[in-house]
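These are the residues of each chain, in order.
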Amino acid sequence: MADYTLSAKGTYDGSNFDSGVEGSKAKMESFMEKAKSIGSKVESFAKGAVGVIGGIGGAIGSIAAQGGMSRALNLEQAKTMFKGLKLEWDDYYKSIDNAVTGTAFSLDSAALVAANLAASGIAAGADMDRALRGVVGTAATFGGELGDIGSIFQKVAAQGKVSGETLQQFADRGVNVTSVLAQSLNKTQEEIKDMVKKGQIDFDTFSTAMEAAFGDSAQAANETFTGSMSNMKSALNRIGAKFAEPIRANAIPVFNSLRKALNAASGRLDPLVDKFTELADRLSGSLAPKIDAFTAALERG
């Protein structure tokens, strides 16, 4: 049996493999460059988002601080008014809080309105509840300022009746009180006008009609962009006031002590003021003639 030996010889051509490797390498480098670019954009976006969030946070903090102090000072003013009227703040607080809770209006603004109404004879309890709901609802419905609408309510309360003047003031603000009263009393607008001329519509009748017509309107403000934003600000103001109130209360004795110190310093400065006045007189006395002489020279040419 013969033995055979099989020999094979081949030549390897790696050009395709090499080009494949080079192509893959190029694609990988391109991919890495794109990934790097995307990563840079993501990082830039993240930094921008952080900046925006930080800006929003700063703005919110500013609103809370400024609004909180304003709220604290307005509440202080309202409480001072109640005290001056020999009325108890606690008797009115619930009515004030109920009137603005869930609305776009602040407690401190309503407190000032309540103080003015109380000064015009509106009693605590149901009467104040009805009046404040009427004020808040009317202001919310017609986009008015609470203090502005409240001032007209106060005028009606002070006069004890609706007048042609107050009807016109409401009309100037887009509020047809004559129509509201006509619906409430089941009369025509002409009949209402005649009753107003005769002074037959008192504050209770007016307040009841306004509260029935607009009392629930303020709650609907939460469904609008402007109203919801105002409510958010009110919430921030309440938080800010918690920090502002201690500052306000503790600043009072400091300011009083500073006032005494400044008054004492003012007395000590009197001799210096006299010397300064004497110096000013001398300067004026010597300078004025020189200016006059210079002017005369100019006029002579």
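What counts, and where the lines are drawn
- Residues numbered from 1 in each chain as written.
- Predicted model: local features only at pLDDT ≥ 70, side-chain atom pairs only at ≥ 80, totals over all residues.
- Heavy atoms only, no water.
- Buried < 20%, exposed > 50% of the residue type's maximum accessible area, 1.4 Å probe, protein only.
- Helix = DSSP H or I, 4+ residues; strand = E, 2+ residues; numbered from the N terminus.
- Arc of directions from axis to C-beta.
- Contact = heavy atoms within 4.5 Å.
- Axes fitted to C-alpha atoms, helices over the stretch in contact; angles between N-to-C directions.
- Parallel < 35°, antiparallel > 145°, perpendicular 65-115°, else oblique.
- Left-handed = near helix turned anticlockwise from the far one by under 90°.
- Nonpolar A, V, L, I, M, F, W, Y, C, P; charged D, E, K, R; others polar.
- Core = buried A, V, L, I, M, F, W, Y, C linked by side-chain atoms within 4.5 Å.

Trainee: Any details on helix H8 (residues 189–197)? Residues and values, ideally.
Mentor: Since the α-helix advances by 3.6 residues per turn, residues separated by three or four positions end up pointing in the same direction. Among the residues making up H8, those that are buried are Ile-192, Met-195 and Val-196. Relative to the axis of H8, the buried residues are bounded by an arc of 100° and lie together on one face. Facing away from the buried side of H8 by over 90 degrees, the exposed positions are Glu-190 and Lys-197. In this fold, the buried residues of H8 make contact with helix H6 (164–172) and helix H7 (177–185). Just downstream of H8, Gly-199 is the residue with a positive phi angle, here 70°.

Trainee: I'd love a proper account of the packing of helix H2 (residues 89–100) against helix H3 (residues 107–119), names of residues and values included.
Mentor: Relative orientation of the contacting elements H2 and H3 amounts to 125°, with a least axis distance of 9 Å. Regarding the angle of H2 to H3, the classification is oblique. Taken as a pair, H2 and H3 cross one another with a handedness that is right-handed. Between H2 and H3, the contacting residues are Trp-89, Tyr-92, Tyr-93, Ile-96, Asp-97 and Val-100 on the first element and Leu-107, Ala-110, Ala-111, Ala-114 and Ala-118 on the second. Class assignment of the residues belonging to the contact of H2 with H3 gives a composition of 10 nonpolar, no polar and one charged.

Trainee: Can you lay out the nonpolar core for me, pointing to particular residues and giving the numbers?
Mentor: Counting residues in hydrophobic clusters, the biggest one holds 48 residues, and the most contacted among them are Ile-96, Phe-153, Phe-170, Phe-206 and Met-210. Sort the elements by how many residues they give to this core and H3 lands first, with eight residues. Those residues within four positions of Ile-96 in sequence are excluded, and the remaining contacts are Phe-82, Trp-89, Leu-107, Ala-110, Ala-111, Ala-114 and Leu-132.

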